[in-house]
Protein chains: 2
Amino acid sequence: MDHWDAMEVLKDVNLRATPQRIAVLNVLKMLGQAHPTAEEIYVALKQEFPAISFATVYNTLKSFLDAGLLHELRFGDKASRYDLNTQAHHHLLCEVCGDLIDIYLPEVDVAQVLREHEFAMSGYHVEIRGVCKTCREHTLHKADTHL
Amino acid sequence: MDHWDAMEVLKDVNLRATPQRIAVLNVLKMLGQAHPTAEEIYVALKQEFPAISFATVYNTLKSFLDAGLLHELRFGDKASRYDLNTQAHHHLLCEVCGDLIDIYLPEVDVAQVLREHEFAMSGYHVEIRGVCKTCREHTLHKADTHL
DNA sequence: CTAGCTGCAAAGGGTTTGCGGAATG
DNA sequence: CATTCCGCAAACCCTTTGCAGCTAG
């Protein structure tokens, strides 16, 4: 996970190690907690691959999604964001600036509800909405929030 | 909440009680846990208002969202779903049939994480992914799920 | 009466797809 | 070398917007 070989990661999931895919992985790794959109990835790749197209970015992301290398996050706004972090984690979403912050929570107790509904869980995600520190300092107040 | 007057609900949030809006509210109320998409609402309204357009449906939903009458839910698939239920509740999302089931969970302990990040929460939502009872019975097995 | 709404059509933004040519394993 | 992938462009889908006429309060 630390000295990280993109080619190995790709081989592990049976995807061809093309330069573009390696670059996408590295961009995702590098941007880390930034949860980039397809466009942000595209822009980052443009430097190394001036000829790259959106189609390639989306194709690549789709391959990675199918392979389980990353997660797709969608919120009220338009564009999907992509998250390489595979550890169980959750998100704070700032409704002012749109920033997305990774958080780690104690396990939520869902056993009862799963039993009730006879539902086989593969995972869960907690999304907390509100206003981040920076935006609160700038706007100074906002109604109906309870810290 | 039970003998339900759509006109009153609209008046309460300062929206004009037009026939279309009343109908949208009633459709949402009727479809209840079905979490319809804009298109499903449109189709349901078509019967009563053959001339209705998507624009009206989206405009109406937007008004309701701004007024806090409903929530917009987005998942991996394309279209947003709309949820009239304003009580704090969460969702089971079946990855096979796409069905969305309302659930009620004990409160998640987020105080620590909010303090850490100095984040002012306005709400949170837990989404549990997996396979619902019906789909499990039909497919009979699925890997990497832990009940 | 008049602010605000409807319906139409067209545009918008993000994502997907078909195809010929190129590169991987 | 066969398969898979890339890049281009066009298509697609969901959603939004501008505008003219209508309607609720």
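An unreviewed UniProt entry lists chain A under the name Transcriptional repressor, from Sulfoacidibacillus thermotolerans. One UniProt comment on chain A, placed under Subcellular location (unreviewed entry), says "Cytoplasm". Under the Sequence similarities (unreviewed entry) heading, UniProt states for chain A: "Belongs to the Fur family."

Undergrad: Please clarify how the domain arrangement of chain A should be interpreted in this entry.
TA: You'll often see interface size given as the accessible area lost when the parts meet. Residues and elements named next belong to chain A. Here the domain parsing of chain A yields domain 1 (1-86) and domain 2 (87-147). Here the C-alpha centre of domain 2 lies 24 Å away from the C-alpha centre of domain 1. The interface of domain 1 with domain 2 comprises nine residues on the first partner and 13 residues on the second. Roughly 920 Å² is buried in total at the junction of domain 1 and domain 2, and carbon and sulfur atoms are behind 50% of that figure. Together, Gln 33, Phe 75 and Asn 85 form the three largest contributors to the area buried by domain 1 at its contact with domain 2, with a combined 52%. In this assembly, domain 1 and domain 2 are joined by zero salt bridges. Taken together, the connections running from domain 1 to domain 2 amount to six residue pairs in polar contact (both at pLDDT 80 or more). In terms of residue class, the side of domain 1 that touches domain 2 is made up of two nonpolar, five polar and two charged.

Undergrad: Would you explain the interface of chain A and chain B in this entry?
TA: With 42 residues of chain A in contact, the opposing surface of chain B contributes 42 residues. Summing both sides of the interface, chain A and chain B together bury roughly 3500 Å²; the carbon and sulfur share of this comes to 61%. Counting across the interface, chain A meets chain B through two salt bridges. The salt bridge partner of Lys 133 of chain A is Glu 118 of chain B, with a shortest N-O separation of 3.6 Å. At the level of secondary structure, the elements contributing two or more residues to the side of chain A that touches chain B comprise β3 (90-94), β4 (100-103), α5 (111-117), β5 (120-131) and α6 (133-139) of chain A. The element best represented in the side of chain A that touches chain B is β5 of chain A, accounting for twelve residues. A breakdown of the residues in the side of chain A that touches chain B according to their chemical character gives 22 nonpolar, eight polar and twelve charged.

Cut-offs applied
Residues numbered from 1 in each chain as written. Chains lettered and ligands numbered in written order. Predicted model: local features only at pLDDT ≥ 70, side-chain atom pairs only at ≥ 80, totals over all residues. Heavy atoms only, no water. UniProt positions renumbered as here; feature names shortened; annotations may be inferred. Domains from an automatic or database assignment. Contact = heavy atoms within 4.5 Å. Buried area = accessible area lost by both parts, 1.4 Å probe. Salt bridge = Lys/Arg side-chain N within 4 Å of Asp/Glu carboxyl O. Polar contact = N/O pair within 3.5 Å; in protein donor to acceptor, adjacent residues only side chain to side chain. Nonpolar A, V, L, I, M, F, W, Y, C, P; charged D, E, K, R; others polar. Helix = DSSP H or I, 4+ residues; strand = E, 2+ residues; numbered from the N terminus.

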